[in-house]
Amino acid sequence: MGVKVILLVIFFAVMAVVGIYSRRHTKSVDAFVLGGRSVGPWLTAFAYGTSYFSAVVFVGYAGQFGWKYGIASTWIGIGNAVLGSLLAWVVLGRRTRVMSQHLRSKTMPDFFGERYQSKSLKIVASVIVFVFLVPYTASIYNGLSRLFEMAFHVPYTWCVVTMAAFTAIYVILGGYMATAINDFIQGIIMLIGIVAVIVAVLNNQGGFVEAIRKLAQIESDVALTAGQPGAFTSFFGPDPMNLLGVVVLTSLGTWGLPQMIHKFYAIKDEKSINTGTVISTIFAIVVSGGCYFLGGFDGKELYDESGMIVFDSIIPHMLSSLPDILIGIVVVLVLSASMSTLSSLVLTSSSTLTLDFLKDNIIKNMSEKKQVITMQILIVFFIVVSVLLALDPPTFIAQLMGISWGALAGAFLAPFLYGLYWKGVTKAAVWTSFFSGIGITVSNMFFQYISSPINAGAIAMAAGLVIVPIVSVLTPKMEKDTLKQLFACYDEKVVISKKHSLEAGNRERKES
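Since the structure is predicted, the reported quantities are computational estimates derived from the model, not experimental observations. Within any chain, residue numbers begin from 1 and follow the written order of that chain's sequence. Per-residue local features are limited, in this predicted model, to residues with pLDDT of at least 70; the limit for side-chain atom pairs, both in listing and counting, is 80 or more; totals at the level of whole chains, interfaces and linings are taken over all residues. Just so you know, side-chain values use all the structure's heavy atoms and leave hydrogens and water out.

1. Details of the overall build of the protein
- Strands here are runs of E lasting at least two residues and helices are runs of H or I lasting at least four, both read from the DSSP assignment and numbered beginning at the N terminus. Tallying secondary structure elements over the protein gives 20 helices and 0 strands in all.
- Between two residues, a contact is recorded if the distance between any of their heavy atoms is within 4.5 Å. Across the protein, the fraction of contacts at a sequence separation of at least 24, relative to all contacts at a separation of at least 6, is 84%.
- Of the roughly 20,500 Å² of accessible surface on the protein, 66% is carried by carbon and sulfur atoms. Note that accessible areas follow from Shrake-Rupley with a 1.4 Å probe, and for residues the cover is restricted to the protein chains shown.

2. Some details on the side chain of Lys263
- Counting through the fold element by element, Lys263 comes out in helix α11 (residues 258-265).
- Once residues lying within four places of it in the same chain are set aside, the contact partners of Lys263 are Thr44, Ala47, Tyr48, Ser51, Tyr176 and Ser344.

3. Some words on the pattern of salt bridges
- For this analysis, a salt bridge means a side-chain nitrogen from Lys or Arg found within 4 Å of a carboxyl oxygen belonging to Asp or Glu. Here the structure, examined in full by the defined rule, presents 2 salt bridges.
- One salt bridge connects Asp110 with Lys122, and the closest N-O pair in it is separated by 3.5 Å. One end of the pair, Asp110, is in helix α6 (residues 108-115); the other, Lys122, is in helix α7 (residues 119-152), and 12 residues separate them in sequence. In terms of burial, Asp110 and Lys122 fall into one category: buried.
- Here Glu210 and Arg213 are joined by a salt bridge, their closest N and O atoms 2.5 Å apart. Of this pair, Glu210 and Arg213 are both found in helix α9 (residues 208-216), 3 residues apart, which corresponds to roughly one turn of the helix. For the exposure calls, accessible area comes from a 1.4 Å probe over protein chains only, and a residue counts as buried if that area is under 20% of its type's maximum, exposed if over 50%, partly exposed in between.

4. Quick word on helix α10 (residues 240-252)
- Between its terminal C-alpha atoms α10 stretches 17 Å, which fits the 18 Å expected from 13 residues at 1.5 Å a residue.
- Along α10, the residues that are buried comprise Leu243, Gly245, Val246, Val247, Leu249, Thr250, Ser251 and Leu252. Helix span, as expected, comes to 1.5 Å for every residue beyond the first.

5. A closer look at the packing of helix α5 (residues 74-103) against α11
- Axes here refer to lines fitted to C-alpha atoms; in helices the fit is confined to the stretch in contact. Angles between the N-to-C directions go from 0 to 180 degrees. Where α5 contacts α11, the axes come no closer than 8 Å and their chain directions differ by 65°. Every pair of crossing elements has a handedness; the one defined by α5 and α11 is right-handed. Mapping the contact onto sequence places Ala88, Trp89, Leu92, Gly93, Thr96, Arg97 and Ser100 in α5 and Ile261, Phe264 and Tyr265 in α11.
- Under this grouping Gly is polar, as are all residues other than the nonpolar Ala, Val, Leu, Ile, Met, Phe, Trp, Tyr, Cys and Pro and the charged Asp, Glu, Lys and Arg. Considering only residue class, the contact of α5 with α11 consists of 6 nonpolar, 3 polar and 1 charged. Helix crossings get a hand from a simple test, with the near helix turned counterclockwise from the far one by less than a right angle marking a left-handed crossing and a clockwise turn marking a right-handed one.

6. Looking at the confidence of the model for the protein
- For every residue, the predictor states its confidence as a pLDDT score lying anywhere from 0 to 100. On average, residues of the protein score 80 in pLDDT, and 80% of them are at 70 or above.
- Highest mean pLDDT in the protein belongs to helix α17 (residues 427-447) (93); lowest belongs to helix α20 (residues 503-511) (47).
- Note on residues 504-512: pLDDT under 50 across the span, and 2 contacts to partners over four residues away in sequence or across chains.

7. Side note on α17
- An ideal rise of 1.5 Å per residue puts 30 Å on 21 residues; α17 measures up with 29 Å between its terminal C-alpha atoms.
- What α17 keeps buried is the set Ala429, Val430, Ser433, Phe434, Ser436, Gly437, Ile438, Ile440, Thr441 and Asn444.
- In the stretch just after α17, Gln448 is the one whose phi turns positive, near 50°.

8. Regarding the environment of Gly63
- Inspection of the secondary structure puts Gly63 in helix α4 (residues 55-69).
- In sequence terms Gly63 and Phe297 are 234 residues apart; their C-alpha atoms lie 9.2 Å from each other.

9. Some details on the packing of aromatic side chains
- Between rings of Phe, Tyr and Trp, where Trp is taken as its six-membered ring, a pair exists when centres lie within 6.5 Å; planes separated by under 30 degrees are stacked, by over 60 edge-to-face, and by other angles tilted. Scanning the entire structure with this criterion turns up 24 aromatic pairs.
- Geometrically, the ring pair formed by Tyr48 and Trp89 is edge-to-face, given 5.7 Å between the ring centres and 70° between the ring planes. Of the two residues, Tyr48 is situated in helix α3 (residues 41-52) and Trp89 in helix α5; the sequence distance between them amounts to 41 residues. Just as Tyr48 is buried, Trp89 falls in that class too.
- Ring centres of Phe112 and Phe434 lie 5.5 Å apart, and the angle between their planes is 80°; this geometry places the pair in the edge-to-face category. Residue Phe112 is found in helix α6, and its partner Phe434 is found in helix α17; the two are separated by 322 residues along the sequence. Each member of the pair, Phe112 together with Phe434, is buried.
- Here the aromatic residues Phe111, Phe112, Tyr116, Phe412, Phe416, Trp431, Phe434 and Phe435 are joined through ring pairs into a cluster of three or more.
- A ring is considered to have a charge above it if a Lys NZ or an Arg CZ atom is located within 6 Å of its centre and within 35 degrees of its normal. The positively charged end of Arg95 is found above the aromatic ring belonging to Tyr421, 4.2 Å away from the centroid.
- A cation over a ring is seen here: Arg95 above Tyr490, with NZ or CZ 4.2 Å from the ring centre.

Written as structure tokens, this is what we have:
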């Protein structure tokens, strides 16, 4: 217990020091929300990766989907790396940075308002962000607190409240720059921790080959492979279709999540994009791939008194037999992942509600100082609401996250992605995407016509990608002059050195 407490105290002390150090970056709205758009490649890449993965992945998703799909759950981590990180940076990174600066937008709702020239879209988007980030935040508190219960035998309620209080202090003190610096530190901890834990767990089961042999003996209860030994060690697992739904939700979903896209707004320069793409992809392979790979070897006998499988307790139970020093590393690992994600969520939610909803709509003539203070107050409000939900969560961690990601990405992904590349997207198409994304996710909560909230979220995203171009073709377009002005940022000429491009040299030879 002494080792675990010491590691925890060191962790909190470092986070507090960084928060205090970063206070000078909270003087203006742009600095508080975006770090002055001057965040370098390593900080940006780690901020993206650590905001992506939290206790939800390590405790909730690794436990539940490792139990369901066995070693094939590693495909989720591969999808997160390739689709959720690599392609997200390649497709969205540069264009998001260029257009968001051109439109002077600081948040995703602000982007919708400026890109589609609609104040109503901006307001509605801000409400959607605030409402549907709450269940995601609650799921993180839920997963983190279950691990703390295992490691420190502290009541669940005290864990939730303590984490919430520390998150509030840490984000209010330093804003985005504090989260970016801390994300880098936390990311290093996550990389080292996940490797150490995987090695320890496999050794605990007699080594990799023996762990695979034990897993191969377990019979699947899925209809497709019922009673079949070896299903959990097969290439695509016992239920490949539902596995695909998880891959789509957790990978493609990042393209429409405001807390993830927000990282591209703050990129400093071209080098940050290129370097950040590589770093974030490697980070995802190690952390996400490692988590899901580890989840494939979890125990499959954890039930509550009513006979229901307790998915959120599987990973903590599997880790409980490790030495104290490794349990301490796991706690700091998951705490690092969760604190970084929580800080990103509360900052995104508070800034969106302040800048896109309250400013100029409810409160007129808000000064820079008043905007920053309002965001700090809303950080506390958002955390309190999330804690109340986390203290009595309605369902498992994975389902809470599925509802949040499904609604947000279902509503925002298509109009944001198409809006960066295609002038033909219409306001009607954006409204349709908002309604379909929220409609599918929320209606399924009550009527459950799609058995899994995870699949419902994936379907909501896919629906938006189809609906937006169809509705855009059938509805009135925006004015050509307005569109020309909006997309003019991509045509601006820049001069770069030959070490980054050979085009200048080719032009010189042609002219001579």
